[in-house]
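Below are the chains, spelled out letter by letter.
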Amino acid sequence: MKIEVLGTGCSRCKQLHENIMQAVIAADVEADVSKVEDITEIMRYGVMSTPALVIDGVVKTVGKVPSVEELKTILAKD
Amino acid sequence: MLANFAAYLVFTVLGLTKGSRLGEAANFFVYDTIKIFLLLTTIIFCVAVIRSYFPPEKTKRFLSHGKEYVGNILAALLGIVTPFCSCSAVPLFIGFVESGVPLGVTFSFLVSSPMVNEIALIMLWGLFGWKIALIYIGSGVTIAIISGIVIGKLHLERFVQDYVYTIKMGEIAATEQTFSERLKNARSYTVPLLRKIWPYVIAGVGIGAFIHGYAPEGFLVKYAGPQNPFAVPIAVLIGVPLYSNAAGVIPITQALMEKGMATGTVLAFMMAVTALSLPEAIILKNVLKLRLLLTFFGIVAVAITLTGYLFNAIL
């Protein structure tokens, strides 16, 4: 799956990126995780509060940093 | 009860002398710290639940039908409940402008959202009492409404960075949360927030306690009392570049007020610290050309200064 972390580079965005990396390893899924820092790209998803998490083009969370546990649950659902 | 507990801890358990400087400072510190953390935990949690009903995506839709005046009032009020973090200021601003929210209305929101927040309210309520807390909300919302109307009247749309108008925004699929999800999200919002601000609270209360115990009574009256006409603008000028959260600043200002700083001056200082900051300016520079950015800061700083004078005159 394709995972994108949307955020303009604030500390919370970095935290989300870190958490999702851990969750991906823990859940043992095949995923390509990338950061999207370009504001035009971020707005295309309709997101107004960062950080946001996008999996395969679908916005999953907005404006918060879910814990590794919560992220694992989100990954499991997909 | 809390006061008795603090006094028991400081004077009986620690054995400090009642009325001594160290004793008074320590008592003040223990009492304020416990009180603030109790308030912070409960209120941040409750506000997080309320806020989950007002995501910025919804606020935007609500305001895009807004006209001037009514829109400014709505935006300032929604600013209280919509979560705001300065790192989201750019997507938020673009989202508003793109969906047709008038520029002045957008600014009403941008002023009220960081200034009137739950942490400022808890700290004010806990340390200054509900009257000052209400005055702070009332004047914060009023400043946001008026600044937004003035910016709207100046027709500064051309000083928004050009690319903002070319961005095409997607629609996010709105997901309604269940109540238990809201509670769970509120908890995962409250815990990291407390973890982030506790050092500021401790430092703020600590400095406040030191001033409370050691600074002579009324030593600030001469410099920052109601008689000095320059105190308010100086307080605002010091407050604008300062970046701190309400949690750190308010305990210090409480001690300053006790030593003779006038109420209006204290309010103006707090508003300047929370509403405007250098990091926020740098972030907003991404969407605003310099002239609009300076106009925005200028108008808000003047409005805060006038509010300070007003309350020095009537309180």
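Within each chain, residue numbers correspond to sequence positions counted from 1 in written order. Chains carry letters and ligands carry numbers; both start at the beginning, A for chains and 1 for ligands, and go up in the order they are written. Totals for whole chains, interfaces and linings use all residues, but because this is a predicted model, local features are given only for residues with pLDDT of at least 70 and pairs of side-chain atoms are given and counted only at 80 or more. In computing side-chain properties, one takes all heavy atoms of the structure into account and sets aside hydrogens as well as water.

1. Examining the interface of chain A and chain B
- In this complex, chain A contributes 17 residues to the contact, which on the side of chain B involves 22 residues.
- Both sides of the chain A and chain B interface together cover about 1500 Å² of buried area, and 66% of this is carbon and sulfur.
- Among the residues of chain A in contact with chain B, Ile39(A), Met43(A) and Met48(A) are the three that bury the most area, contributing 43% of the side total.
- Whenever a nitrogen or oxygen atom comes within 3.5 Å of another N or O atom, the pair is scored as a polar contact, on the condition that within protein one atom can donate a hydrogen and the other can accept it, and that pairs from neighbouring residues in sequence are kept only if both atoms are in side chains. The tally of links from chain A across to chain B stands at 1 residue pair in polar contact (both at pLDDT 80 or more). Residues count as neighbours in contact if any of their non-hydrogen atoms are within 4.5 Å of one another. Reported buried area values correspond to the accessible surface (1.4 Å probe) lost by two parts on association, with both partners' losses combined.

2. Digging into the pattern of salt bridges
Residue and element names in this part refer to chain B.
- When a carboxyl oxygen of Asp or Glu lies within 4 Å of a side-chain nitrogen of Lys or Arg, that pair is called a salt bridge. Summed over all chains, the structure comprises 6 salt bridges over all chains.
- With a shortest N-O distance of 3.3 Å, Lys289 and Asp162 are connected by a salt bridge. Here Asp162 lies in the loop between helix H8 (130-153) and helix H9 (163-166) and Lys289 lies in the loop between helix H15 (278-284) and helix H16 (290-314), a separation of 127 residues in the sequence.
- Working definition: with a 1.4 Å probe on protein chains only, accessible area under 20% of the residue-type maximum means buried, over 50% means exposed, and in between means partly exposed. For Lys289, a relative accessible area of 24% corresponds to the partly exposed category. Numbering of helices and strands starts at the N terminus; helices are DSSP runs of H or I of at least 4 residues and strands are runs of E of at least 2.

3. Quick notes on the packing of aromatic side chains
Residues and elements named next belong to chain B.
- Stacked, tilted and edge-to-face are the three classes applied to pairs of Phe, Tyr and Trp rings, where Trp contributes its six-membered ring and a pair requires centres within 6.5 Å; stacked means planes under 30 degrees apart, edge-to-face means over 60, and tilted covers the rest. Here the structure, examined in full by the defined rule, presents 5 aromatic pairs over all chains.
- A ring pair is formed by Phe107 and Phe296, whose centres lie 4.8 Å apart and whose planes are at 45°; its orientation type is tilted. Here Phe107, found in helix H6 (residues 103-115), pairs with Phe296, found in helix H16; they are 189 residues apart in sequence, far enough to count as distant.
- The interplanar angle of 80° and the centroid separation of 5.5 Å between the aromatic rings of Phe296 and Phe297 together place this pair among those described as edge-to-face.
- Put simply, the rings of Phe93, Phe107, Phe296 and Phe297 touch in pairs and so form one group of aromatic residues.

4. Some remarks on the environment of Ile74(A)
Residues and elements named next belong to chain A.
- Looking at the secondary structure, you find Ile74 in helix H3 (residues 68-77).
- Sequence-wise, Ile74 and Glu4 are 70 residues apart; in three dimensions their C-alpha atoms are separated by 14 Å.
- Filtering out sequence-adjacent residues up to four positions away, Ile74 remains in contact with Ile55, Lys60 and Thr61.

5. Here's the deal with the packing of helix H3 (residues 56-63) of chain B against helix H4 (residues 70-81) of chain B
Residues and elements named next belong to chain B.
- Put simply, H3 and H4 touch, their axes get as near as 10 Å, and they point 170° apart. In terms of orientation, H3 lies roughly antiparallel with respect to H4. Along the contact surface, H3 presents Thr59, Phe62 and Leu63, while H4 presents Gly71, Leu74, Ala75 and Leu78.
- Here the contact of H3 with H4 is built from residues that sort into 5 nonpolar, 2 polar and no charged. What counts as an axis is a line fitted to C-alpha atoms, over the stretch in contact for a helix, and the angles between N-to-C directions run from 0 to 180 degrees. Small angles under 35 degrees read as roughly parallel and large ones over 145 as roughly antiparallel, with 65 to 115 read as roughly perpendicular and the rest as oblique. Any residue that is not Ala, Val, Leu, Ile, Met, Phe, Trp, Tyr, Cys, Pro, Asp, Glu, Lys or Arg is counted as polar, Gly included; the first ten are nonpolar and the last four charged.

6. Looking at a nonpolar patch on the surface
- Residues Phe5(B), Tyr8(B), Val13(B) and Leu14(B) make up a contiguous nonpolar surface patch of about 420 Å² in total accessible area.
- By relative accessible area, which is 41% here, Phe5(B) ends up partly exposed. The residues that make up patches have over 30% relative accessible area and no salt bridge, and they are joined within 9 Å when like-charged or within 5 Å when they are Val, Leu, Ile, Met, Phe, Trp or Tyr. Only the protein chains shown count as cover for residues, and all accessible areas are computed by the Shrake-Rupley method using a 1.4 Å probe.

7. Considering helix H12 (residues 231-239) of chain B
Residues and elements named next belong to chain B.
- Among the residues of H12, those classed as buried are Ala231, Val232, Ala235, Val236 and Gly239. All buried residues of H12 project into a common sector of 130° when viewed along the axis, lining one side.
- On its buried face, H12 is in contact with helix H11 (221-224), helix H14 (263-275) and H16. Arc definition: it is the arc formed by the directions from the helix axis to the C-beta atoms.

8. Topic: the sheet that holds strand S4 (residues 58-62) of chain A
Residues and elements named next belong to chain A.
- Only strands that DSSP links by at least two bridges are regarded as paired with each other. Ordered in space as S2-S1-S3-S4, the 4 strands form an open sheet in which the pairing is mixed. Taken across any chain shown, the strands that pair with only one partner, and hence form the sheet edges, are strand S2 (32-36) and S4. The average angle at which neighbouring strand axes cross in this sheet is 20°, direction not considered.
- Relative to S4, strand S3 (residues 52-55) is paired through 4 bridges, and the arrangement is antiparallel. Looking at the pairing, Leu53 lines up with Thr61 of S4.

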